[in-house]
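# What the coordinates show
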Amino acid sequence: MKKKFIPVNVPKIFKNEKKFLTQALKSNWISSEGPFVRKFEKEFSYFNKKRYGVAVSNGTAALEIAIKCLGLKKGSEVLIPAFSIISTTNAVIKNNLKPVLVDCDLDTWNMNVNETIKKISNKTKAIIITHIYGLPVDLNKILKIAKKKKIIIIEDTAEVIGLKYNNKICGSFGDISTFSFYANKHITTGEGGMICTNIKKYFERSKSFRNLSFSKSYYDRFNHSEISWNYRMSNLQAAMGCGQLKNIKWIIKRKREIGNLYYKSLKINKNIILQKNSTKYAQNIYWVFGVLLKDNIAISKKEMMKKLLRKKIGTRPFFLSMNKQKIYKKLGLFKNIKMPNSEYLSKNGFYLPSGIGIKNQEINYIIKNLLKILS
Ligand SMILES: Cc1ncc(COP(=O)(O)O)c(C=O)c1O
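Notes on the structure follow. (Residues numbered from 1 in each chain as written. Predicted model: local features only at pLDDT ≥ 70, side-chain atom pairs only at ≥ 80, totals over all residues.)

Taken in spatial order, the seven strands make up an open sheet running β1-β9-β8-β5-β4-β2-β3, and their pairing is mixed. Every other strand in the sheet has two partners, leaving β1 (52-56) and β3 (98-102) as the edge strands with one partner each. Ignoring which end each strand starts from, the neighbouring axes of this sheet average 20 degrees apart. Pairing analysis gives three bridges linking strand β2 (residues 77-81) to strand β4 (residues 124-130), with the strands arranged parallel. Bridge pairing links Leu 79 to Ile 127 in β4. (Pairing = 2+ DSSP bridges. Helix = DSSP H or I, 4+ residues; strand = E, 2+ residues; numbered from the N terminus. Axes fitted to C-alpha atoms, helices over the stretch in contact; angles between N-to-C directions.)

Okay, structure coming up:
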């Protein structure tokens, strides 16, 4: 029989999503005005131990809005991880602020705590804490200093929905926290995002910024108070989100099962480095299962990805370190800045199929082939 291709991500759609979606369709509420949006915001913010939730069109939009909410002075510095999605840096730049990069650790792949603290200057007004691939940033020290120096924390929780740091849910630590519901996230609405906060001012501003800052007046609706976006989430997406959220416990359990299956078989291999399976403060939730090739081995990341592709196994390279991005070089940003660990991860890292739609049989096939190539 011909082997079927295994994509990096296959999502799982449960019964409730179909039920709620049908309900939304039957009700004719298909835009962002529908009742599922409010319901999803309420349930998701409650899950993350935050008072307010504002659903948006994706995680990138959530970051842009969250930063704009802070109302920082042009040129203020924002600390961000060098190893992450480009959305973070772009959002800082688009808000006329200065991104300051922090390198990551080689074992957690998260921003290094000591370097974060070292890079705080009197111009630092915010830190974007991004939890990477399934493990949280070790938050305690950073939160303490941020509080003392009145630095605002944006917590990007896109990759770790449902993860706990010292038994407290990630996303509850930021002054303002952001989430993504793209198809490969722990819960998905296809495309989508959310901003959660306890601060009423940020809540009100987020609602305004996602919806073109329409006037609240019935008669003066089209008189706008800000340059804003249409970053709304539709009722159909929110209906799906409500359904997914009902299965979050199962999803987290399955994500860990997938990650642990890979981890147990791959951890003894001398040619690779894996993200920590657990730390003193958290247990990996495995958004994706990453593999980092050691520098001295015979095969390159590209060759490895090619060989796996020949075996019908899809992979993705790791993020490209922000100081190495073509567009930022063109803009003259991050000149002469070196991020050795982040660059190393970009050069040697890729991830394996990790979506909750994957079968154990497929994972075993992937492990077998990967180990064979590595031997
Ligand atoms: C940490 C992080 N933040 C933000 C985003 C952006 O989310 P979206 O793809 O929904 O725009 C991603 C996407 O993967 C991400 O990994």
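Okay, the packing of helix α3 (residues 59-70) against helix α4 (residues 86-94) next. Close contact between α3 and α4 brings their axes to 9 Å; oriented N to C, the two are set at 35 degrees. Where α3 crosses over α4, the handedness of that crossing is right-handed. Residue-level inspection shows Gly 59, Thr 60, Leu 63, Glu 64 and Ile 67 of α3 in contact with α4, the latter providing Ser 87, Thr 88, Ala 91, Val 92 and Lys 94. Split into classes, the residues belonging to the contact of α3 with α4 amount to four nonpolar, four polar and two charged. (Left-handed = near helix turned anticlockwise from the far one by under 90°. Contact = placed C-beta atoms within 7 Å. Nonpolar A, V, L, I, M, F, W, Y, C, P; charged D, E, K, R; others polar.)

Turning our eyes to something else, we now look at the nonpolar core. Ranked by size, the top nonpolar core spans 103 residues in total, and within it Val 56, Ala 62, Ile 65, Ala 66, Met 194, Ile 195 and Ala 239 carry the most contacts. By residue number, the principal contributor to this core is α3, which donates eight residues. If you count residues domain by domain, this core takes at least three from each of domain 1 (15-102 + 110-245) and domain 2 (248-374). Apart from residues lying up to four places away in sequence, Met 194 is in contact with Phe 44, Gly 53, Val 54, Ala 55, Val 56, Ala 62 and Phe 179. (Core = buried A, V, L, I, M, F, W, Y, C linked by C-beta atoms within 7 Å. Buried ≥ 20, exposed ≤ 12 C-beta atoms within 10 Å, placed from the backbone. Domains from an automatic or database assignment.)

Time to look at unusual backbone geometry. Of note, Asn 166 is a non-glycine position whose phi angle comes to about 45 degrees, a positive value. Here Asn 166 is to be found in the loop between β6 (164-165) and β7 (168-169). Even without being a glycine, Lys 312 presents a positive backbone phi close to 65 degrees. Inspection of the secondary structure puts Lys 312 in the loop between α10 (301-310) and β12 (316-317). Overall, Lys 312 belongs to the partly exposed group, with 15 C-beta atoms counted inside 10 Å.

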